[in-house]
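Report on the structure
Residues per chain are reported as follows:
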Amino acid sequence: GQEGAKDATGKIVEWRYYHGDQKATRYSPLDQINKDNVADLELAWRFPLNSFGPRPEYKNETTPIMVKGVLYFTAGFTRNVVSANAATGEMLWMWRMDEGVRGEKAPRGNSGRGEAYWTHGRGDERIYTVTPGYHLVALNAKTGLPVPGFGRNGVVDLMQGVRGTADPV
């Protein structure tokens, strides 16, 4: 369902962090799939990634996070952030920053390892990501739009003021 998978007690289980939880245990208590039924699994949906990368050596090495039945992941050389319905695979929104030459010359292209989810529990939900050109970006988790109150229009330039670098592009 839209809310997420449930464990044996009926509690919704999410994957809100890169390695599952704040302790990076990489563990899920879900037990619907086991050694007896794993061979019966079928593909539920596919999410084509061929339109997210301008480079032929593109590969996707992201770990999606899942919150409230929504997957968030990065895709493509420019590290697009994608939001998709976890049950159906329908894309809800996509965001990318055009970093121009700075992005093209970035030493860390491709999809990166993912993004982070944050909320204070009172309606403000954000997705944080770092672009290949070293911008830290806060996106509204529901709309994919940059959060105006974070940095400059949702963006913090992580290279600004770093010794030995030219003015940010």
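Residues numbered from 1 in each chain as written. Predicted model: local features only at pLDDT ≥ 70, side-chain atom pairs only at ≥ 80, totals over all residues. Heavy atoms only, no water.

Overview of the environment of Pro48
The test is simple: Only DSSP runs of H or I reaching four residues or more are called helices, and only runs of E reaching two or more are called strands; each is numbered from the N terminus.
The residue Pro48 is located in the loop between β2 (12–13) and β3 (65–67) in this model. Distance from Pro48 to Gly89, taken between C-alpha atoms, is 9.9 Å for residues 41 residues apart in sequence.

Overview of the pairing of strand β6 (residues 91–95)
Remark: a regular strand shows side chains that alternate across the two faces of the sheet. Operational definition: Two strands make a pair as long as DSSP finds a minimum of two bridges between them.
The pairing of strand β5 (residues 80–85) with β6 spans 4 bridges and is antiparallel. Within β6, the residue paired with Val81 across the bridge is Trp95. Hairpin connection, β5 to β6: the antiparallel pair is bridged by 5 residues, and Gly89 has positive phi, about 85°.

Points about the nonpolar core
Note on soluble globular proteins: their nonpolar side chains tend to be buried together. As a reminder of what qualifies: Residue types Ala, Val, Leu, Ile, Met, Phe, Trp, Tyr and Cys, when buried and joined through side-chain atoms within 4.5 Å, form a set referred to as a nonpolar core. Whether a residue is buried, partly exposed or exposed follows from its accessible area with a 1.4 Å probe, protein chains only, as a fraction of its type maximum: under 20%, in between, or over 50%, in that order. We call two residues contacting when some pair of their heavy atoms lies within 4.5 Å.
Membership of the largest hydrophobic core comes to 14 residues, with the highest contact counts inside it found for Tyr72, Val81, Trp93, Trp95, Ile127 and Leu139. Those elements that place two or more of their residues in this core are β3, β4 (70–75), β6 and β9 (135–140). Those residues in contact with Trp95 that lie beyond four places of it in its chain are Asn80, Val81, Thr129, Thr131, Val137, Leu139, Gly144 and Pro146. Of all hydrophobic cores here, the second largest spans 8 residues; its members include Phe52, Phe73, Ala75 and Val82.

What about the pattern of salt bridges?
Spelled out, the test is: By definition here, a salt bridge exists when the distance from a side-chain nitrogen of Lys or Arg to a carboxyl oxygen of Asp or Glu is within 4 Å.
Overall, the coordinates contain 6 salt bridges when judged by the stated rule. Arg16 is paired through a salt bridge with Glu14; the nearest N and O atoms lie 2.4 Å apart. Residue Arg16 is classed as partly exposed on the basis of its relative accessible area, which comes to 25%. When the shortest N-O distance is used, the salt bridge between Asp36 and Lys35 registers 3.6 Å. Salt bridges sharing partners connect three or more residues here, namely Lys68, Glu125 and Lys142.

Things to note about the packing of aromatic side chains
Keep this limit in mind: We call Phe, Tyr and Trp rings a pair once their centres come within 6.5 Å, taking the six-membered ring for Trp, and we label the pair stacked below 30 degrees between planes, edge-to-face above 60, and tilted otherwise.
One pass over the full model with this rule turns up 3 aromatic pairs. Residues Tyr72 and Trp93 carry aromatic rings whose centres are separated by 6.1 Å and whose planes lie at 45° to one another, so their mutual orientation is tilted. With a gap of 21 residues between them, Tyr72 in strand β4 and Trp93 in strand β6 connect regions that are remote in the sequence. Each member of the pair, Tyr72 as well as Trp93, carries the same accessibility label: buried. Ring geometry for Tyr128 versus Phe150: centroids 5.3 Å apart, planes at 70°, classification edge-to-face. Pair noted here: Tyr128 is in strand β8 (residues 125–130) and Phe150 is in the loop between β9 and β10 (155–157), with a separation of 22 residues, a long-range link. Here Tyr128 matches Phe150 in class, with each residue buried.

Focus: the environment of Thr119
What counts is decided by this rule: We call two N or O atoms a polar contact when they sit within 3.5 Å, provided that within protein one can donate a hydrogen and the other can accept it, with sequence-adjacent residues counted only if both atoms are side-chain atoms.
Note on placement: Thr119 falls in strand β7 (residues 116–119). In this structure Thr119 comes out as partly exposed when scored by relative accessible area, which is 28%. In this structure the C-alpha to C-alpha distance between Thr119 and Ala141, which are 22 residues apart in sequence, comes to 9.4 Å. With residues near it in sequence (within four places) discarded, Thr119 still touches Arg16, Asp124 and Glu125. Side-chain polar atoms of Thr119 contact the backbone nitrogen of Gly121, separated by 3.0 Å. Polar contacts involving the side chain of Thr119 include one to the main-chain carbonyl oxygen of Asp124, which spans 2.8 Å.

A look at the sheet that holds β10
Quick note on the threshold: Comment: axis = line fitted to C-alpha atoms, over the contacting stretch for helices; angle = value between 0 and 180 degrees taken between N-to-C directions.
The antiparallel open sheet is built from 4 strands, whose spatial order is β7-β8-β9-β10. Edge positions in the sheet fall to β7 and β10, since each has one partner strand and no second. Between one strand and the next, the sheet's axes are offset by a mean angle of 20°, whatever the strand orientation. In this sheet, β10 lies alongside β9 in antiparallel orientation, the contact comprising 3 bridges. In the strand pairing of β10, His135 is matched with Asp157.

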